[in-house]
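Fold and contact review
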Amino acid sequence: MSATPNPIRLRSLLSTRAASLALCLSLCGAAQAAAPAATTSPFDGYWQTCERYQGEEYCESLQLSQQGATIRAAWNWRASQTGGTDLLVGRIENGRAVFDTPGCEVTSDNECRPKQQARPTLMVLLRCGRDLYWVHDRKRGCAEVKASERYRRVEPKALAADVVDFAGYDFFRQP
């Protein structure tokens, strides 16, 4: 018996393996194409910051939803027996969420009363690593933020009483 491999058998074996590999790669590609693309913005979700002030816990939270270049926000603040919710509409600009309208304040009867500001303030959300920072527009990058401006991602249940149904407010349907 000869120890020399049969070239026809070798070619057939390599052809079969190449065909199997090609089939596997095409199926993997089809599975990836069929999987839903991640369409969430780095800002989407629920965010919160809490600190103690004069012995009392004071918390702020953000609920954010991006649709294209538009971002909707509900900003909540809570302290012992008081709190409030503001609704804002902004835009994504250079990787930042920019809010330049005063928005509105949710009233007890779930209406949204327009807020009045003597001077408009441009507020910006920066995404720095895993956290968001709510800052004035003068701050252009993550190196300029303070720890006190940090919001961390939380589960919706952490904000149960403050979660807003954006579809329920005419404020978000305005042009």
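Residues numbered from 1 in each chain as written. Predicted model: local features only at pLDDT ≥ 70, side-chain atom pairs only at ≥ 80, totals over all residues. Heavy atoms only, no water.

**Notes on the pattern of salt bridges**
Should the charged atoms of two oppositely charged side chains come close, the side chains can pair. Overall, the coordinates contain 6 salt bridges when judged by the stated rule. Between D170 and R173 there is a salt bridge whose closest N-O contact spans 2.6 Å. When its relative accessible area of 52% is taken as the criterion, R173 is described as exposed. (Salt bridge = Lys/Arg side-chain N within 4 Å of Asp/Glu carboxyl O. Buried < 20%, exposed > 50% of the residue type's maximum accessible area, 1.4 Å probe, protein only.)

**Describing the confidence of the model for the chain**
In low-pLDDT regions, the fine details of the predicted coordinates are not to be read closely. Taken over all residues, the pLDDT of the chain has a mean of 76, while the share at 70 or more is 74%. When pLDDT is averaged over each element of the chain, strand β10 (residues 150-154) comes out on top at 93 and helix α1 (residues 7-34) at the bottom at 41. Low pLDDT, under 50, characterises residues 9-38; the predicted model gives this stretch 1 contact beyond four residues in sequence or across chains. (pLDDT = per-residue confidence, 0-100. Helix = DSSP H or I, 4+ residues; strand = E, 2+ residues; numbered from the N terminus. Contact = heavy atoms within 4.5 Å.)

**Comments concerning the packing of aromatic side chains**
Across all of its chains, the model carries 4 aromatic pairs by this definition. Centroid distance F166 to F172: 4.8 Å. Interplanar angle 70°. Geometry classified as edge-to-face. Each member of the pair, F166 as well as F172, carries the same accessibility label: buried. Among the aromatic residues, ring-to-ring pairing joins F166, F171 and F172 into one connected group. Sitting above the plane of the F172 ring, R72 keeps its charged end 5.6 Å from the centroid. (Phe/Tyr/Trp six-rings, centres within 6.5 Å; stacked < 30°, edge-to-face > 60°. Lys NZ or Arg CZ within 6 Å of the ring centre and 35° of its normal.)

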